[in-house]
Amino acid sequence: MDFPGYKENVMDFRLLSDMPGLEWKLLRYKCRDLKLEGIYQRLGQLLSIALVPQVIIVVELLMLIHVILLFSLVKDINLITVLPYLAVMLLTPLFLLASRDPNNEHYHRSAILGSWLVAFFLITTDLIPALYLNSALKPNFDHVAIVLVYLMLPIGCLGNERVHILGLVVSLVYIVYAVWMLLKISEHKLGELVGYVMYILFLNLMCVSFLGFREYNLRRSVLTRYQSLYLNMVYEVAMKKEKALLHSIMPLMLARTLQDAITTHIEEDPNNLVPFSKTRLLFMEPHPEVSILEADIVNFTRLTTTMAVPELVTTLHELFSSFDLAANRNRATRIKLQGDSYTCVTGIPSYFGAHANACVNMALDMIELSRKVSQRRGHKIEVRVGVHSGEIMAGIIGHTKWQFDVWSKDVDIAYRLEASGLPGMVHVSSTTLNLLDNYYEYENGTETAKVDPVLQLNNLETYLIKSRLPDYVESEEFEDDDFSLKDYRLYFGNDYEDIVRKAQREMVNEVEHIPVNRVQSCKFRTKRQNKEKDLDEEYQFNVNTYYLFTIFRSWEMEWSFGKRPDQMMKYSLVMVAYAGFTFLCVNMIQGIDAVYYPTLIMFFSIILFVLFLAAFKKLWLGRRLTPPTQPSSFLTRWLIKASNLIEQSVYLRVPLAMTMLFILYVMSSQEVFSCDIAKLEVEIIDSELHDLEPRMFCFFPWEITYSVVMVLSLILIIIGVPLLIKLCVGLTILGLHLVTVHEYYGFAFERSETTFVGLESSLAHTWYVVAFWILVTVREGYLNYLLKVSYFMRVCFEKRVHETMIKSRSIKIIMTNILPNHVAEVFKEPRRSDELYYENFSQVAVMFATIENYESDMSGLRVLHEIICTFDDLLVDYQSRNQIEKIKVMGWTYIVACGLEVDHNIDPAIIIPVSSDRESENSQKSSSVRSLPIDEEEFNGAAEKDEDILVMTQFALDLLRIMREIRSKNVLFGANSRVTGSLKIGIANGPLMAGVVGLSKPHYDIWGHTVNMASRMSSTGVLDAIHVTKSTSKILRTFNIRCNYRGQTYVKGVGEVPTYLVALDQKLQFQEHYKINDSSKDSLISVELIDEKERKTPKKKKEKFEG
């Protein structure tokens, strides 16, 4: 998207894996760069509040189930040992609900205090029964306490430092308790203590890594919300700019029709950016009562040949800008600029009765303004003005390079009045004079007007208005707005510059509406918030999902969510590898006899290999000091591709994650599977007979349970696997472990330590794992909700991007169809309001193609539209190296230029595609053009400099072929139609000036002797022929194209000049300048001599010669 100051994505999340550094840290830097850190912290507060109900539900549920189990399974239970569980059930809601108001200035303190108290009371449920009964009991909720501290208590969302301290304290308390248990029993089990410490350490590291994952997702949510808000603002500015641009070039109703048609076109055919190339819609409106003003600068040719480019553009800009302001004051609509002419109409877009007075006042103002500019600039600048009243058809013609224009016989009359008028006076028709009030001083019209055939045909008398009478009173219908050049400039740079700051301010309110809970009422809000927006967003998400497991109702969206990349997968595999390393170390430290170490090492090697593949790209990027490029090594490219596949492909990622979890489960229980059951049973029986504690030479039961909990905990940090699949895998592992505990090795687990006096050890193992699974399920369900909310917001954001891109592309189409591509690029960037745009070109080919014998009624305009659209279609074939740029359609004249150097800033999103029918330029030209066999260096230099003229002449020939085909098929011209489809084509080459002038409409035009010559070549040309200047004919001859000398042609402002007609045969092919067998030099010399003789031939002889 190419809005000024706008970037497509504030942070493209898909590219984070291609950048060195941790992803959540990269997002952290981006949030700080966009000044969104406070927003992120606020979202953390809202998340901590939303987690409170879940913490309460989990704690209450676990305590309730635990108490029920105790009363159901333990005989002669001591009620005092149950009190800690009841106290936790009673006090947890009080501690947490007291810290649910984020607007309280002491919120952080109350949230931190509440988290410490809940953690403390959870610890007491494990410590008090053991200390009170003086019994060595295993902790029942150590894993739950640690996970709750990091993942669910409010302190976990309020800063990593605070939660790390609390997590460390809780872990140390349990480790100290484990040491006390070790000292209490007669036999020191140092191996079990080390295993327990590593287990607690693993849970802490797993939760710390989860904090990084949560930071990544929360910052993504903030940035996604910021992007969405930012795009909405850009969308509004885009609409504002499009409307201002459209309304500046055409009436409101026509502008709306064109805008809707462009938007529909892009939605239906987004790849075809040439609007209406298939439908050829005609956008035209009738206006029955208007006044037309046509003004022309006298001696404009002299100005263009004597003034420098900056001076000329500045002078024209000042003059036409003053005219635009006068037009606004007199309720006139500027229609177009045509080099030295200015056309406007009063009475559109809405009719008003004083349109004739307004038009004459506009003309008098223009005369006075031109005098002032002439005095300031030191150049004689006079205008000739003609005004006529009547009816018009107004609209746009063609489907590229639109320009709002008017057509009718009354428009032609206004042109005639201007051409036959006098400088410094307003030449009006009798029709206009009859509509005026008696407030003007006038006299009879010019003698030239009396003999004008068009004016005579319409029985019109003409008059010259000198000035207003002294007692003139301006009509109340006129606007009297005090506009300045700076105020009236079409410029939106400041809007774009303010978007970032405005979006940052709006994020303060927007963060309050980011869904963080199934029911938004679970969150406390500020009084100023918009509750309707909360309910609307909650409703939009809830209506698109099922409540259970938060599954999207659209399976397409659910599948799309499941297929999203997982850039955290490599970090999840780091924890998988750490879990495997822990299992290996614990087995080696405890010295279990039944462990088969080669199997463990093999599984661990597989995990390390998968981790290496997943993390290779990040490692490769991290060690590079230069920007990443395509690696040269095949192995490196293969490894990077494997890393990308693991991140991007759900088909690889899901089976890989499932395999890793099952491998870890096998590693955690490998000593159980390889244990000699008979030998272990004999050992246990013998120990019981001698009243001794059995020696567990195969495995330690609680170490197996701790290992299974470690495997289940990894489900929390494997983000890129769908929830239902993770739950199925977790339930499978849980079921396998319970079968192991109760069916195959029950005799061993029954003789291990318990978590409560009187509770069977096998049931203690079961409840320990099930309690953790309940916590994992609840936490995974909530995490799945947050991820899907974030994804849903992302989808909505992408829809807004699509809408904005359609609007942006419609603006590009409109802008590019007003200005040339390279100029449109300049005007889309922020510019000073007084900054002008102009260019100077040393060699350009210009062509004027005029349709003769036209009719200005509606049927004639339909024919004109079809012809111009056909010309525009042909223009598609000339968009490669020597690109032909359509300048405008002026009445019934098609004006193009070649050599404007439009290649240097072409926007690929709006460039007209090259037609596939034209395989190559050279192949097309070869059918009718053969180059001279001259020196290679000389030919290359000529081709590089003069090829634009060749391409333009070929384009002109194609226009003639099109018109012949139209006439032969007789599809546009009726039997009684005056339109014959004949063209007068004129081509000239040489230097010219170009620039953008005016205020109300950014209009790009070209000026100079070359333009004047091309115009005269067309107006004085021959039907169905290509009329060129002498310099153009010389260049064409170098390409072996014959040009016949026509004679001396009078050119306004220059005098008589020799002109030529491009020689064409009956099949409309170029005729060769010389035969291939002839000497090229002799041919060239002979032709030049003939031309010289023709110029020296007396007039009578020349006529005889032409005859």
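Every value quoted in this text rests on a predicted model; they were computed, and no experiment measured them. (Residues numbered from 1 in each chain as written. Predicted model: local features only at pLDDT ≥ 70, side-chain atom pairs only at ≥ 80, totals over all residues. Heavy atoms only, no water.)

## Considerations on the overall build of the chain
The test is simple: Strands here mean DSSP runs of E at least two residues long; helices mean DSSP runs of H or I at least four residues long; both are numbered from the N terminus. Relative accessible area decides the class of each residue, using a 1.4 Å probe on protein chains only: under 20% of the type maximum gives buried, over 50% gives exposed, and in between gives partly exposed. Contacts are assigned to residue pairs with any non-hydrogen atoms lying within 4.5 Å of each other. Accessible areas in this description were obtained via Shrake-Rupley with a 1.4 Å probe; residue shielding takes into account the shown protein chains only.
Assigned secondary structure in the chain consists of 37 helices and 18 strands. Taken over 1107 residues, the chain has a buried fraction of 60%. Here the contacts in the chain between residues at least 6 apart in sequence split such that 78% fall between residues at least 24 apart. About 47,200 Å² of surface is accessible on the chain, with carbon and sulfur atoms providing 56% of the total.

## So, the side chain of Thr 850
The line we're drawing: Under the rule applied, a polar contact is a pair of N or O atoms within 3.5 Å (in protein, one hydrogen donor and one hydrogen acceptor; residues adjacent in sequence only if both atoms are side-chain atoms).
As for its placement among the helices and strands, Thr 850 is situated in strand 11 (residues 837-851). A relative accessible area of 14% means that Thr 850 is categorised as buried. Separated by 3.0 Å, the side chains of Thr 850 and Thr 893 make a polar contact. For Thr 850, the side chain forms a polar contact with the side chain of Ser 1018, separated by 2.9 Å. With residues up to four places along the chain from it excluded, the contact list for Thr 850 reads Trp 892, Thr 893, Ser 982, Leu 983, Lys 984 and Ser 1018.

## A look at unusual backbone geometry
The amide bond that connects Ile 348 to the next residue, Pro 349, takes the cis arrangement and shows omega of 0 degrees. Mapped onto the fold, Pro 349 is located in the loop between strand 3 (341-346) and helix 11 (355-377). The residue Arg 331 is not glycine, and still its phi comes out positive at about 60 degrees. Mapped onto the elements, Arg 331 comes out in the loop between helix 10 (309-329) and strand 2 (332-338). In this structure Arg 331 comes out as partly exposed when scored by relative accessible area, which is 24%. Phi at Asn 1040 is positive, roughly 65 degrees, even though this residue is not glycine. Here Asn 1040 shows up in the loop between helix 35 (1030-1038) and strand 17 (1043-1051). Look at Asn 1040 and you get buried, because its relative accessible area is 1%.

## Describing helix 23 (residues 650-668)
Threshold: Multiplying one less than the number of residues by 1.5 Å gives the expected span of a helix.
For helix 23, with 19 residues, the first-to-last C-alpha span of 27 Å sits near the 27 Å given by 1.5 Å per residue. All buried positions along helix 23 are accounted for by Val 650, Arg 653, Val 654, Leu 656, Ala 657, Met 660, Leu 661, Ile 663, Leu 664, Tyr 665, Met 667 and Ser 668. Residue Ser 649 occupies the N-cap position of helix 23, its side-chain oxygen lying 3.4 Å from the main-chain nitrogen of Tyr 651.

## Considerations on the packing of helix 23 against helix 26 (residues 701-713)
Rules: Only the contacting stretch of a helix is used when fitting its axis, a line to C-alpha atoms as for every element, and angles between N-to-C directions run 0 to 180 degrees. Oblique is the label for any angle not under 35 degrees, not over 145, and not in the 65 to 115 range, which are roughly parallel, roughly antiparallel and roughly perpendicular in turn. As a working rule, the residues Ala, Val, Leu, Ile, Met, Phe, Trp, Tyr, Cys and Pro are called nonpolar, Asp, Glu, Lys and Arg charged, and the rest polar, with Gly in that last group.
Between helix 23 and helix 26, the least distance of the axes is 9 Å, while the angle of their chain directions is 170 degrees. Between helix 23 and helix 26, the angle falls in the class roughly antiparallel. Of the residues in helix 26, those in contact with Leu 661, Leu 664, Tyr 665 and Ser 668 of helix 23 are Ile 704, Ser 707, Val 708 and Val 711. Classifying every residue of the contact of helix 23 with helix 26 by side-chain character gives six nonpolar, two polar and no charged.

## Some thoughts on the state of the cysteines
Applicable threshold: The disulfide definition used here is simple: a pair of cysteine sulfur atoms within 2.5 Å.
For the structure on display, the rule yields zero disulfides. The thiol sulfur of Cys 344 is not disulfide-bonded, and the nearest other cysteine sulfur, from Cys 359, lies at 5.3 Å. Owing to a relative accessible area of 0%, Cys 344 belongs among the buried residues under this scheme.

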